[in-house]
Amino acid sequence: MPTRQFAAIDLGSNSFHMVLARVTASDQIQIIDRDKEYVRLGGGLDADRNLTPEVLQAAYACLSRFSDRLEALPPEHVRCVGTNALRQAKNAHLLLEQGASILGHPIEVIAGLEEARLIYEGAGLEVNQPGKRLIVDIGGGSTELILGDEIQAQALDSLYMGCVSWTQRFFPNGKVTAKRMEKAILAARRRLAHVMRRYRGQFQHAWGCSGTINALGRLTSQLASGKGAITETALMEVAARLIDTGSAKASVEPDISPQRAEVLPGGLAILTAVMHTLRIPIISPVG
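Our subject in this report is the structure included herewith. The shown structure was predicted, so the numbers you read here are calculated from the model rather than taken from an experiment.

## Things to note about the packing of aromatic side chains
Line of reasoning, step 1. Counted according to the given criterion, the structure contains one aromatic pair.
Line of reasoning, step 2. Lying over the aromatic face of Trp166, Arg169 brings its terminal NZ or CZ to 5.0 Å of the ring centre.

Set out below in structure tokens:
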């Protein structure tokens with residue numbers, strides 16, 4: 001009987017993800033295993049927008065680990081995609097060529113709107129609430145906004161701002177101050193200004209499906225009065241805690257990894273701006 005197992009690999013700007021799944025006898029998708037490693041491609045771009053030798057070696061090592069799980073799968077059951085960092089890198093071909101050799105499968109760099117479409121399809125597997133929905137994904141180098149219903153996406157945008165790039169730009173050395181947070185939020189609001197009319201007032205429910213939003217959901221529960229609900233007020237309470245301690249690493253709980261904490265200030269600023277600009281009263285984490 002042909003194998004009913006599949007693999008998807010996401011070479012993101014912050015982390016690399018691999019998901020192994022199978023299709024059950026009832027044609028349901030069942031996750032078998034997940035793996036993730038913080039490679040930080042987005043943080044490994046030099047001043048000329050080339051991936052550094054150090055980040056390339058980290059990427060190759062991660063893909064070598066992933067490759068061990070792919071040997072039994074036919075080529076048509078494996079898809080490997082790269083996102084914002086590989087869209088930006090001038091020497092992306094080095095990773096694409098060597099990475100494909102390591103994995104035994106080609107790596108496809110997808111456009112921002114295709115990334116948004118795939119995010120919406122993935123979120124749809126876990127979101128079953130009827131009505132118009134807004135999906136927000138804050139990646140390492142880009143933020144995707146998708147509006148749609150239970151059937152399909154109706155508006156998609158991919159904005160060049162992510163938790164890695166925004167943290168590097170506004171919170172160098174991990175230092176969080178009130179002035180830096182204000183500048184980061186304002187810059188994100190400016191980036192959102194040209195798309196806000198497409199989304200504002202057009203949805204009934206908002207969902208966030210990235211590691212950054214899930215981490216912020218845990219923080220609003222631990223540090224703020226939101227009791228697990230992500231609101232703009234709860235995010236500002238988290239921001240105040242980060243500012244008081246001077247860094248995200250000193251403010252988070254043990255269940256948030258140090259690697260996630262490092263880029264949390266940028267993600268916090270972006271999500272705060274998204275909620276304010278698009279007038280989102282509450283956003284629920286997915287996954």
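## Some details on the side chain of Thr167
Line of reasoning, step 1. Its location among the elements puts Thr167 in helix α5 (residues 163-170).
Line of reasoning, step 2. Residue class for Thr167 comes out buried when judged on its relative accessible area of 7%.
Line of reasoning, step 3. Here Thr167 is in contact with Gly162, Pro172, Glu262, Val263, Leu264, Pro265 and Gly266, once residues within four sequence places are set aside.

## Quick word on the packing of α5 against helix α6 (residues 178-192)
Two numbers describe a pair of packed helices, the interaxial angle and the distance between the axes.
Line of reasoning, step 1. Interaxial distance between α5 and α6 falls to 10 Å at its minimum, and their mutual angle equals 130°. In terms of axis orientation, α5 runs oblique to α6. Remark: the crossing between α5 and α6 carries right-handed chirality. Across the interface between the two elements, Trp166, Arg169 and Phe170 from α5 touch Arg180, Lys183, Ala184, Ala187, Ala188 and Arg191 from α6.
Line of reasoning, step 2. Of the residues that constitute the contact of α5 with α6, the class distribution is five nonpolar, no polar and four charged.

## A word on a nonpolar patch on the surface
Line of reasoning, step 1. Taken together, the side chains of Ile29, Ile31 and Leu125 present a nonpolar region at the surface, about 320 Å² in accessible area.
Line of reasoning, step 2. Residue classification places Leu125 among the exposed positions, given a relative accessible area of 66%.

## Some thoughts on the state of the cysteines
Line of reasoning, step 1. According to the stated counting rule, one finds zero disulfides in the structure shown.
Line of reasoning, step 2. With no disulfide of its own, Cys80 lies closest to Cys62 among cysteine sulfurs, the gap being 9.8 Å.
Line of reasoning, step 3. For Cys80, a relative accessible area of 2% translates into the label buried.
Line of reasoning, step 4. Left without a disulfide partner, Cys209 is nearest to the cysteine sulfur of Cys163, which lies 13 Å away.

## Some details on the sheet that holds strand β9 (residues 205-208)
Line of reasoning, step 1. Read across the open sheet, the five strands follow the order β8-β7-β6-β9-β10; overall the sheet is mixed. If you trace the sheet from one side to the other, it starts and ends with β8 (153-159) and β10 (284-285), each paired once.
Line of reasoning, step 2. In the sheet, strand β6 (residues 133-138) pairs with β9 via four bridges, with the strands oriented parallel. If you follow Leu134 over to β9, its bridge partner there is Ala206.
Line of reasoning, step 3. Packing of helix α11 (residues 264-277) onto the sheet brings it into contact with β6 and β7 (143-148), and relative to β6 it is tilted by some 160°.

The rules we used
- Residues numbered from 1 in each chain as written.
- Predicted model: local features only at pLDDT ≥ 70, side-chain atom pairs only at ≥ 80, totals over all residues.
- Heavy atoms only, no water.
- Phe/Tyr/Trp six-rings, centres within 6.5 Å; stacked < 30°, edge-to-face > 60°.
- Lys NZ or Arg CZ within 6 Å of the ring centre and 35° of its normal.
- Helix = DSSP H or I, 4+ residues; strand = E, 2+ residues; numbered from the N terminus.
- Buried < 20%, exposed > 50% of the residue type's maximum accessible area, 1.4 Å probe, protein only.
- Contact = heavy atoms within 4.5 Å.
- Axes fitted to C-alpha atoms, helices over the stretch in contact; angles between N-to-C directions.
- Parallel < 35°, antiparallel > 145°, perpendicular 65-115°, else oblique.
- Left-handed = near helix turned anticlockwise from the far one by under 90°.
- Nonpolar A, V, L, I, M, F, W, Y, C, P; charged D, E, K, R; others polar.
- Patch = residues over 30% accessible without salt bridge, like charges linked within 9 Å, V, L, I, M, F, W, Y side chains within 5 Å.
- Areas by Shrake-Rupley, 256 points an atom, 1.4 Å probe, with all protein chains shown as cover.
- Salt bridge = Lys/Arg side-chain N within 4 Å of Asp/Glu carboxyl O.
- Disulfide = S-S within 2.5 Å.
- Pairing = 2+ DSSP bridges.

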